[in-house]
Amino acid sequence: MPRARAESQMRLLAEMHGRIYGSPELQKRIKQFTTWPEFFEKTLSFGMKEASSRGFLAAESVIPARLYARFDEIWPATMASIATHDKVAHTLQHGDVHLKNWYVAGTGEMGLGDWQCCGRGHWARDVAYAVSSALQPEDRRAWEQELLKLYLEKMHAAGGPKVSFDAGWLAYRQQLVTALTWWTVTLTPPEGLPDMQPRDTTLEFIRRLALAMEDLARESREHPTRAV
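Described below are features of the structure shown in this document. Just so it is clear, the model here is predicted, and its values are computed rather than measured.

1. Quick look at the side chain of Ser 52
Looking at where Ser 52 falls in the secondary structure, it is placed in helix 4 (residues 48-58). At a separation of 3.3 Å, a polar atom in the side chain of Ser 52 contacts the main-chain carbonyl oxygen of Lys 49.

2. Let's talk about empty space enclosed by the protein
Inspection of every chain in the model, using the stated rule, returns one cavity of 30 Å³ or more. Volume-wise, the largest cavity comes out at about 70 Å³. Lining the largest cavity are Ser 52, Ser 53, Phe 56, Phe 71, Ile 74, Trp 75, Thr 181 and Thr 184. Of all the secondary-structure elements, those providing two or more residues to the lining of the largest cavity are helix 4, helix 6 (71-83) and helix 10 (176-187).

3. Quick word on the pattern of salt bridges
Scanning the model with the defined rule gives 11 salt bridges in all. In this structure, the salt-bridge partner of Glu 204 is Arg 207, at a minimum N-O distance of 2.9 Å. Placement of the pair is Glu 204 and Arg 207 together in helix 11 (residues 199-222), with a separation of three residues, close to one helical turn. Given the relative accessible area of 23%, Glu 204 is considered partly exposed. Residues participating in the shared-partner salt-bridge network are Arg 140, Arg 141, Glu 144 and Asp 215.

4. Digging into the layout of surface pockets
One water molecule sets the probe size; rolling that probe over the atoms shows where empty space is left. The volume enclosed by the second largest pocket comes to roughly 410 Å³. As for the second largest pocket, its lining consists of 19 residues, of which Asp 96, Gln 116, Cys 117, Trp 182 and Met 196 are closest to the centre. Listing elements by their share of the lining of the second largest pocket, those giving two or more residues are helix 3 (36-43) and helix 10. The element best represented in the lining of the second largest pocket is helix 10, accounting for four residues. Classifying every residue of the lining of the second largest pocket gives 10 nonpolar, six polar and three charged.

5. Quick notes on the nonpolar core
Judged by nonpolar contacts, the single largest core of 64 residues is most densely connected at Met 10, Leu 13, Ile 63, Trp 123 and Tyr 151. Apart from residues lying up to four places away in sequence, Tyr 151 is in contact with Met 10, Leu 13, Ala 14, His 17, Trp 123 and Val 127.

6. So, helix 8 (residues 137-157)
Owing to its 3.6 residues per turn, the α-helix brings residues three or four apart onto one side. Taking 1.5 Å of rise per residue, the 21 residues of helix 8 would be expected to cover 30 Å, and the 29 Å separating its terminal C-alpha atoms lies within 8% of that figure. Largest kink in helix 8: about 55°, centred on Trp 143. By the burial criterion, the buried members of helix 8 are Pro 137, Arg 140, Trp 143, Glu 144, Leu 147, Leu 148, Leu 150, Tyr 151, Leu 152 and Met 155. Two residues or fewer past helix 8, Gly 159 is found with a positive phi of approximately 120°.

7. Things to note about the packing of aromatic side chains
On inspection of all chains with the given rule, the structure shows 12 aromatic pairs. Centre to centre, the rings of Trp 36 and Phe 40 are 5.7 Å apart; their planes meet at 65°, and the pair counts as edge-to-face. With Trp 36 and Phe 40 both in helix 3 and four residues apart, this pair spans about one turn of that helix. Accessibility expressed as a relative area gives 1% for Trp 36, which makes it buried. On the basis of relative accessibility, which here comes to 1%, the residue Phe 40 falls in the buried class. Ring centres 5.9 Å apart and planes at 35° place the aromatic pair Phe 40 and Trp 75 in the tilted group. With Phe 40 in helix 3 and Trp 75 in helix 6, this residue pair connects regions lying 35 residues apart in the sequence. Through a chain of ring-to-ring contacts, three or more aromatic side chains come together here, namely Trp 36, Phe 39, Phe 40, Trp 75 and Trp 182. Over the aromatic face of Trp 36 sits the side chain of Arg 125, whose NZ or CZ is 4.0 Å from the ring centroid.

What counts and how
Residues numbered from 1 in each chain as written. Predicted model: local features only at pLDDT ≥ 70, side-chain atom pairs only at ≥ 80, totals over all residues. Heavy atoms only, no water. Helix = DSSP H or I, 4+ residues; strand = E, 2+ residues; numbered from the N terminus. Polar contact = N/O pair within 3.5 Å; in protein donor to acceptor, adjacent residues only side chain to side chain. 1 Å grid on protein atoms, 1.4 Å probe; cavity = no way out; pocket = protein on both sides within 12 Å on 5 of 7 lines; lining within 4 Å. Points joined across faces, edges and corners; volume = space filled by probe spheres on them. Salt bridge = Lys/Arg side-chain N within 4 Å of Asp/Glu carboxyl O. Buried < 20%, exposed > 50% of the residue type's maximum accessible area, 1.4 Å probe, protein only. Nonpolar A, V, L, I, M, F, W, Y, C, P; charged D, E, K, R; others polar. Core = buried A, V, L, I, M, F, W, Y, C linked by side-chain atoms within 4.5 Å. Contact = heavy atoms within 4.5 Å. Expected span 1.5 Å × (residues − 1). Bend = angle between axes of the 7 residues up to and from the residue. Phe/Tyr/Trp six-rings, centres within 6.5 Å; stacked < 30°, edge-to-face > 60°. Lys NZ or Arg CZ within 6 Å of the ring centre and 35° of its normal.

Distances and angles like these do not, on their own, reveal function.
Next up, the structure:
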């Protein structure tokens, strides 16, 4: 995934999110969609908590040991991440922006398909999920702060709020855990849920997301003023 395409992802998300944040008419239109907390609440009825927790434990081979040892904290952190969406202004979020839902358009810019998980929520879930799933960890480590700065600049230019880097960085970090949950449940789906992805794909996305969480947990230890 070259940097130019990662930047294209940020521009597309920023324009979509920003236009909706800044338009009273579009704000009215998105009321027809459930919020991200409401959407996630529905997943609990088919066993999201149990299946995603089981998937986390089954993915030990690709999860950093320090993060794996914090298993008991994962579900509470997931619920805390979701709860942040009840306290902020909403845009339309795609909700499932993993790499396999993107395509390269004829212009060379990135396009985004599969909107079945879209709903109202905070911009940071889409951004954190897109960056952490699309990029190899070494590229994410090198580019993610600059990609976030690009996103924040373009989102504000499109009509969205002006967000400082530190506030954006905190929101970005807080949303990673629900992206991980989306893939641990895919690894060990509950009864009645289809086997949605090849196992090697699922483990690779878990690896990327878990490494992102571990890297940013380390960053918070080294820079405690930015701790969650």
